[in-house]
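Examining the three-dimensional arrangement
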Amino acid sequence: MAMSKNRAEILGNVGDEPQIRTFQNGGKVANLSVATSRRWKNRRTGEVEERTEWHRVSVTADHLVEVVRSWVRKGDRIMIEGRLETRKWQDQNGVDRYTTEIVVAPFEGDLIALGRAERREGDSGGTGSGYGGGNGGGARGDGAPPAGGDIDDEIPF
């Protein structure tokens, strides 16, 4: 049988405050709404047009739920890697509905909080991460330092 791959990767802005839930069995989930946009120039009118797509994200990896709880806020830039999953549910009228979301499960994805997309009035401009705040670093879920961080290792080649 042929191999298949289910992978989604987005870089966008958090649209609303993350919702964190804890279950009776101790499991946690963070639900986010992330916007990605693309721009292009209309050939006929010459005007720049933009289209925004909204993505539902469900983070089920406990350590990444804690990253979301500590570092992710509405308006922040975020990078998400996960798998696409469609759930079937019924609305109040008993009609079948479907929701497709990006799931970041344990050992199956990653999340990198990149900080504020824009400075807001009264905002210090830092990311609030444990990796140096205002230097542009972000909080990673895998414990690795951000790209461009101060790493003093020798490269073996």
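Read on for a plain summary of the structure. Not measured: the values here are computed from a predicted model. (Residues numbered from 1 in each chain as written. Predicted model: local features only at pLDDT ≥ 70, side-chain atom pairs only at ≥ 80, totals over all residues. Heavy atoms only, no water.)

A separate point is the nonpolar core. Ranked by internal contacts, the top residues of the largest apolar core, which has 20 residues, are L32, V57, V59, I80 and L111. When residues of this core are traced back to their parent elements, those giving at least two are β1 (8-14), β3 (28-41), β4 (48-59), α1 (62-71), β5 (76-90), β6 (96-104) and β7 (110-116). Element by element, the count of residues in this core is highest for α1, at four residues. (Core = buried A, V, L, I, M, F, W, Y, C linked by side-chain atoms within 4.5 Å. Buried < 20%, exposed > 50% of the residue type's maximum accessible area, 1.4 Å probe, protein only. Helix = DSSP H or I, 4+ residues; strand = E, 2+ residues; numbered from the N terminus.)

We now examine the pattern of salt bridges. Going through the model one piece at a time under the given rule, you end up with ten salt bridges. Residue E50 pairs with R39 through a salt bridge whose shortest N-O separation is 3.8 Å. With a gap of eleven residues between them, E50 in strand β4 and R39 in strand β3 connect regions that are remote in the sequence. The class of R39 is exposed, set by a relative accessible area of 63%. Residues R83 and E108 are paired through a salt bridge, measuring 2.3 Å at the closest nitrogen-oxygen approach. Placement of R83 in strand β5 and of E108 in the loop between β6 and β7 is noted, with a sequence separation of 25 residues between them. (Salt bridge = Lys/Arg side-chain N within 4 Å of Asp/Glu carboxyl O.)

Attention now moves to the pairing of β1. Strand direction decides the pairing type here: β1 and β5, joined by six bridges, are antiparallel. Directly across from G12, in β5, lies its bridge partner I78. Alignment of β1 against β3, held across two bridges, turns out to be antiparallel. Looking at the pairing, N13 lines up with A35 of β3. (Pairing = 2+ DSSP bridges.)

Turning to the environment of G12, a few remarks are in order. Within the secondary structure layout, G12 lies in strand β1. Note on G12: relative accessible area 2%, which makes it buried. Put simply, G12 and M79 are 67 residues apart on the chain and 6.6 Å apart in space, counted from C-alpha to C-alpha. Setting aside chain neighbours within four positions, we find G12 in contact with V34, A35, T36, D76, R77 and I78. (Contact = heavy atoms within 4.5 Å.)

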